[in-house]
Amino acid sequence: MEALEANIATIFGLSEAGRIVCENEPGRPAGPRLFLAGCREGVRAVLRHDVGAETARAIEALVARAAPWFDPWTDPDGLEDMLALLGREAPVESVSRSLIYRLPHARPVAADVRIISGDTGEGRRWLAGLAQTGMPPHLLEAGFLGVGDFWEPWVVALEGDTIAAMAFAARIGPRAAETGVYTFPGFRGRGLAAAVTAAWSNLTELADRPLFYSTQTTNVSSQRVAARLGLPQFGAGIRMT
């Protein structure tokens, strides 16, 4: 359960009572009302700060009786009852499922493009140049509006002078970090997402932290990246909002 707890503390901002205050990312958006996470050792429920105490106690009692669960394509024990309990307070608007992988450090990088890391002098000079010239149209179209959207630490893959893919710290906490990966249209299907993810795992700044890679069950291409890198899946999650 230690790795699962580290992952939870990385993806959410938590109160002293262990309640979800926000997502651990820029802008601090509100998190799910309930995040159910599981692994081979057990199941853990993390509730948002505004879920009522009575509902929280009832959900925690269900989780205490649940068998270990780590397959997101199956239902954990008590899931329907948890949804019903949340529904008594407010309608449950969305339910999404995810796979949680370990990302070992220092994965070998295989790429036919140039890789630049943000923690190097080359990377800092490159980013400063990008800040001066402005964001290319294909980055703007993807929602990367400025160099502040390169969440540190980061790496990019360049084909010529064009940014083809990038990996960045989607979530970084005191105990661990989780990567976010994006390959731009026109460069997909070439293994670049796996290449930048592997390069990200080599960053010195991350050497003393457990690393995670997560993806929704609906994101097949992201699951292919995990398979290409041989990442071990150790957990699963369900978000209920």
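Everything discussed here concerns the structure shown above.
Keep in mind that this is a model prediction, so the values were computed, not measured. (Residues numbered from 1 in each chain as written. Predicted model: local features only at pLDDT ≥ 70, side-chain atom pairs only at ≥ 80, totals over all residues. Heavy atoms only, no water.)

*Asks:* Please clarify how the pattern of salt bridges should be interpreted in this entry.
*Replies:* As a working rule, side chains carrying opposite charge can pair if their charged atoms are close by. Scanning the model with the defined rule gives nine salt bridges in all. In this structure, Asp112 and Arg190 form a salt bridge, with 3.5 Å as the shortest nitrogen-oxygen distance. Here Asp112 is found in the loop between strand S5 (95–102) and strand S6 (114–117), whereas its partner Arg190 is found in the loop between strand S9 (177–183) and helix H6 (192–200), with 78 residues between them in sequence. By relative accessible area, which is 63% here, Asp112 ends up exposed. Overall, Arg190 belongs to the partly exposed group, its relative accessible area being 34%. Linking Arg114 and Glu122 is a salt bridge whose minimum nitrogen-to-oxygen distance equals 2.7 Å. For Arg114, a relative accessible area of 41% corresponds to the partly exposed category. The exposure class assigned to Glu122 is partly exposed, which follows from its relative accessible area of 34%. Among the charged side chains, a network of salt bridges with common partners joins Glu23, Glu25, Arg171 and Arg239. (Salt bridge = Lys/Arg side-chain N within 4 Å of Asp/Glu carboxyl O. Helix = DSSP H or I, 4+ residues; strand = E, 2+ residues; numbered from the N terminus. Buried < 20%, exposed > 50% of the residue type's maximum accessible area, 1.4 Å probe, protein only.)

*Asks:* What am I meant to see in the layout of surface pockets here?
*Replies:* Over the atoms rolls a probe the size of a water molecule, and its path tells where empty space is left. As a volume, the largest pocket reaches approximately 920 Å³. Contributing to the lining of the largest pocket are 37 residues, with Val181, Ser214, Thr215, Asn219 and Ser222 lying nearest its centre. If you tally residues by element for the lining of the largest pocket, the top one is S9, at six residues. Here the residues of the lining of the largest pocket sort into 14 nonpolar, 14 polar and nine charged. (1 Å grid on protein atoms, 1.4 Å probe; cavity = no way out; pocket = protein on both sides within 12 Å on 5 of 7 lines; lining within 4 Å. Points joined across faces, edges and corners; volume = space filled by probe spheres on them. Nonpolar A, V, L, I, M, F, W, Y, C, P; charged D, E, K, R; others polar.)

*Asks:* Looking at this structure, how should I read the pairing of strand S3 (residues 34–39)?
*Replies:* The side chains of a regular strand alternate, residue by residue, between the two faces of the sheet. Taking burial as the measure, the six residues of S3 include six buried ones, the bulk of the element. Burial along S3 is two-sided: Leu34, Leu36 and Gly38 facing one way and Phe35, Ala37 and Cys39 facing the other are all buried. Sheet topology places S3 next to strand S4 (residues 42–47); six bridges connect them, and they run antiparallel. Looking at the pairing, Gly38 lines up with Val43 of S4. The antiparallel hairpin formed by S3 and S4 contains two residues in its connecting segment. Two elements, S3 and strand S11 (residues 233–240), share six bridges in a ladder whose sense is antiparallel. Bridge assignment links Ala37 to a residue of S11, and that residue is Gly237. (Pairing = 2+ DSSP bridges.)

*Asks:* Just to check I follow, could you spell out the sheet that holds S3 for this structure?
*Replies:* Backbone hydrogen bonds hold the strands of a sheet together, and the pairing may be parallel or antiparallel. What the nine strands build is an open sheet, ordered S4-S3-S11-S5-S10-S9-S8-S7-S6; its pairing is mixed. Of all the strands in the sheet, just S4 and S6 have a single pairing partner and so form its edges. The mean angle between the axes of side-by-side strands here comes to 25 degrees, regardless of whether they run parallel or antiparallel. In the sheet, strand S7 (residues 154–159) pairs with strand S8 (residues 162–172) via six bridges, with the strands oriented antiparallel. Bridge pairing links Trp154 to Phe168 in S8. Where helix H1 (residues 2–11) meets the sheet, its contacts fall on S3, S4, S5, S8, S9, strand S10 (211–216) and S11, and the angle it forms with S3 comes to roughly 150 degrees. Where helix H3 (residues 79–89) meets the sheet, it contacts S3, S5 and S11, and its direction lies at approximately 30 degrees from that of S11. (Axes fitted to C-alpha atoms, helices over the stretch in contact; angles between N-to-C directions. Contact = heavy atoms within 4.5 Å.)

*Asks:* Is there a simple way to explain unusual backbone geometry in this structure?
*Replies:* Comment: phi is negative for the bulk of residues other than glycine, and the bulk of peptide bonds are trans. Of the consecutive residues Glu152 and Pro153, the connecting peptide bond is found in the cis state with omega at -5 degrees. Topologically, Pro153 is positioned in the loop between helix H5 (137–141) and S7. Of note, Ala106 is a non-glycine position whose phi angle comes to about 55 degrees, a positive value. Relative to the assigned elements, Ala106 resides in the loop between S5 and S6.

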